[in-house]
Amino acid sequence: MAMRRPDFDAIVAGAGAGGAAAAYYLTRAGLKTLVVDKAQLPRYKACGGAIPQTALDRFPFAMDSVIQAKPEEVRLTFPGRRPVDVSLPGRPVAMVMRQEFDALLLAQSGAEVLDGTAVTGVVEDGAEVRVETGRRALTARYLVGADGAASTVARRLGLRSQRRLGGTLEAEVPLGDPGLRADYGTRAIFCFGAVPWGYAWVFPKRDHLSVGIGRFRPGKVDLRSALVVEMERLGIRLDGIPLRGHPLPCYQAPLWPFWFNSPQEQLSTRRCLLVGDAAGLVDPLIGEGIRYAMTSARLAVEAIARDDLSGYEQAIWQEIGHDLATSGLLAELYYRLPGFCFEVGLRNPEIVQQFVGVLTERFRHQGIGRRILAASARWALQGKPSQPKHVG
Ligand SMILES: Cc1cc2nc3c(=O)[nH]c(=O)nc-3n(C[C@H](O)[C@H](O)[C@H](O)COP(=O)(O)OP(=O)(O)OC[C@H]3O[C@@H](n4cnc5c(N)ncnc54)[C@H](O)[C@@H]3O)c2cc1C
């Protein structure tokens with residue numbers, strides 16, 4: 001009797017940055033691909049939408065239509081202290097709205113799309129994986145779980161059972177007031193000290209500001225009050241503007257892998273892999289996750305194309321995990337002593353340039369601890385370095 005072929009080479013659960021990028025790489029590899037998303041697309045996604053331009057340049061199509069703004073400088077603040085302004089020559093960071101960005105990536109993939117349909121179950125057998133939705137079951141050779149922070153795919157497969165979620169709130173504030181546009185239209189602001197283990201932000205978009213607050217580890221904090229207070233300090237009123245919450249699955253790194261240089265946790269089975277937030281690939285220092293979702297999507301598709309998922313965790317560790325583990329160590333230091341680190345770290349131009357370099361992909365996180373120590377030592381030995389451009 002002839003074997004029945006699976007319906008698709010690959011099914012992708014979730015059409016966010018990770019899922020849409022996976023769909024793009026899959027179809028480019030000539031694989032018949034279906035993307036299933038529980039939301040009606042395009043859908044709003046609470047997200048600052050800040051992405052290094054270099055991460056966009058990896059795709060061979062124009063993204064200009066979805067780039068809403070490119071800030072000229074970053075301002076770092078801490079309550080009661082003088083802010084630090086850092087200019088961004090060449091404007092290397094793009095600001096997008098995720099409903100537009102994700103939709104563009106997905107459209108470029110040319111994959112089949114089934115929206116308004118949640119993946120509810122996953123059953124793997126030898127040659128295929130059966131993906132259950134409320135309506136019907138679909139089969140594929142491989143499943144990419146790109147279904148975000150609360151991933152159903154991860155849960156059904158018994159992966160990432162120890163995941164810990166941070167919390168965020170975000171609002172979109174119209175830039176109608178010319179004063180707001182003048183103050184914030186070309187500047188990204190990171191407000192440290194607004195909340196323990198996190199910060200508040202103001203990111204410019206074409207005709208509004210994306211403002212938000214995030215705490216990058218679990219814990220009870222009144223994010224709403226903290227955001228309102230911080231925005232009022234900046235002259236940004238949130239009356240009547242909806243605040244949307246979203247969990248944040250920051251990368252968890254025990255210390256030991258640094259010594260053994262091995263992957264953190266299982267992210268795949270024989271026929272399924274997790275990418276992006278479903279895999280917990282969010283930077284625990286600054287909450288960045290879009291580029292890691294897209295990179296993990298590429299690594300997932302490379303494993304699928306090899307027909308062998310066994311090296312996936314190691315590939316994730318080498319390209320992403322090691323960097324995020326480094327960020328985790330810096331977060332442990334920074335958020336335990338935020339005021340001190342703001343003064344001795346972020347006020348030091350050499351150290352700030354290390355962070356800007358990482359955020360704009362000029363270099364990787366690895367070695368940043370060593371470079372920060374060296375910069376601090378130079379500062380201590382030679383006296384204060386020339387300050388970055390300050391305000392106030
Ligand atoms: C408030 C906030 C601000 C942020 N700001 C930034 C930033 O400025 N820069 C940055 O790099 N990162 C930022 N991040 C992180 C970034 O948003 C995520 O890392 C990124 O969205 C991960 O992409 P993803 O595709 O893995 O998941 P998502 O973008 O969450 O996409 C998951 C998709 O899966 C779908 N889905 C969920 N469950 C199911 C199901 N059962 N079946 C089918 N579909 C399902 C959802 O509808 C969704 O479309 C921010 C996060 C938050 C919460």
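Residues numbered from 1 in each chain as written. Predicted model: local features only at pLDDT ≥ 70, side-chain atom pairs only at ≥ 80, totals over all residues.

**Looking at the nonpolar core**
I11, A22, L143, V144, V275 and A300 are the most contacted members of the largest nonpolar core, which has 116 residues in total. In terms of domain composition, this core takes at least three residues from each of domain 1 (8–49 + 97–163 + 252–328) and domain 2 (166–248). Setting aside residues no more than four positions away along its own chain, V144 makes contact with A10, V12, A13, G19, A22, L273, V275 and A300. (Core = buried A, V, L, I, M, F, W, Y, C linked by C-beta atoms within 7 Å. Buried ≥ 20, exposed ≤ 12 C-beta atoms within 10 Å, placed from the backbone. Domains from an automatic or database assignment. Contact = placed C-beta atoms within 7 Å.)

**Details of the environment of V93**
Within the element layout of this structure, V93 appears in strand β7 (residues 93–96). Sequence separation between V93 and R336 is 243 residues; the distance between their C-alpha atoms is 28 Å. Sequence-distant contacts of V93, that is, excluding residues within four places in its chain, are made with A50, P52, Q53, K70, P71, L88, L359 and T360. (Helix = DSSP H or I, 4+ residues; strand = E, 2+ residues; numbered from the N terminus.)

**Describing the sheet that holds strand β4 (residues 67–69)**
Backbone hydrogen bonds hold the strands of a sheet together, and the pairing may be parallel or antiparallel. Strands sit in the order β3-β7-β4 across an open sheet of three strands; the sheet is antiparallel. The open sheet has two free edges, formed respectively by β3 (50–52) and β4, since each of these has just one partner strand. For this sheet, the mean inter-axis angle between neighbouring strands, taken without regard to orientation, is 55°. Relative to β7, β3 is paired through three bridges, and the arrangement is antiparallel. Bridge pairing in β7 places I51 opposite A94. (Pairing = 2+ DSSP bridges. Axes fitted to C-alpha atoms, helices over the stretch in contact; angles between N-to-C directions.)

**Points about the packing of helix α8 (residues 290–306) against helix α9 (residues 312–336)**
Contact geometry of α8 with α9 gives a least axis separation of 10 Å together with a crossing angle of 145°. For α8 against α9, the interelement crossing comes out right-handed. Listed contacts from α9 to Y292, T295, S296, L299, A300 and A303 of α8 are Y312, A315, I316, E319 and I320. Of the residues belonging to the contact of α8 with α9, the class tally is eight nonpolar, two polar and one charged. (Left-handed = near helix turned anticlockwise from the far one by under 90°. Nonpolar A, V, L, I, M, F, W, Y, C, P; charged D, E, K, R; others polar.)

**Structural notes on the environment of P247**
Among the secondary structure elements, P247 is positioned in strand β16 (residues 244–248). For P247, a count of 18 C-beta atoms within 10 Å puts it in the partly exposed group. Not counting residues up to four positions away in its chain, the partners in contact with P247 are A149, A150, L165 and G167.

**Quick notes on α9**
With 25 residues, α9 extends 33 Å from end C-alpha to end C-alpha; this agrees with the ideal 36 Å at 1.5 Å per step. The sharpest bend along α9 reaches about 55° and sits at Q318. Burial analysis of α9 places 18 of its 25 residues in the buried class, which makes it a mostly covered element. (Expected span 1.5 Å × (residues − 1). Bend = angle between axes of the 7 residues up to and from the residue.)

**Points about the sheet that holds strand β14 (residues 198–204)**
The strand order β6-β5-β13-β14-β15-β12-β16 describes an open sheet built from seven strands, whose pairing is mixed. The outermost strands of the open sheet, each flanked by one partner alone, are β6 (84–87) and β16. The sheet shows a mean angle of 20° between the axes of neighbouring strands, taken without regard to direction. Where strand β5 (residues 73–77) and strand β13 (residues 187–192) come together, five bridges link them in parallel fashion. For T77, the partnering residue across the bridge sits in β13 and is C191.

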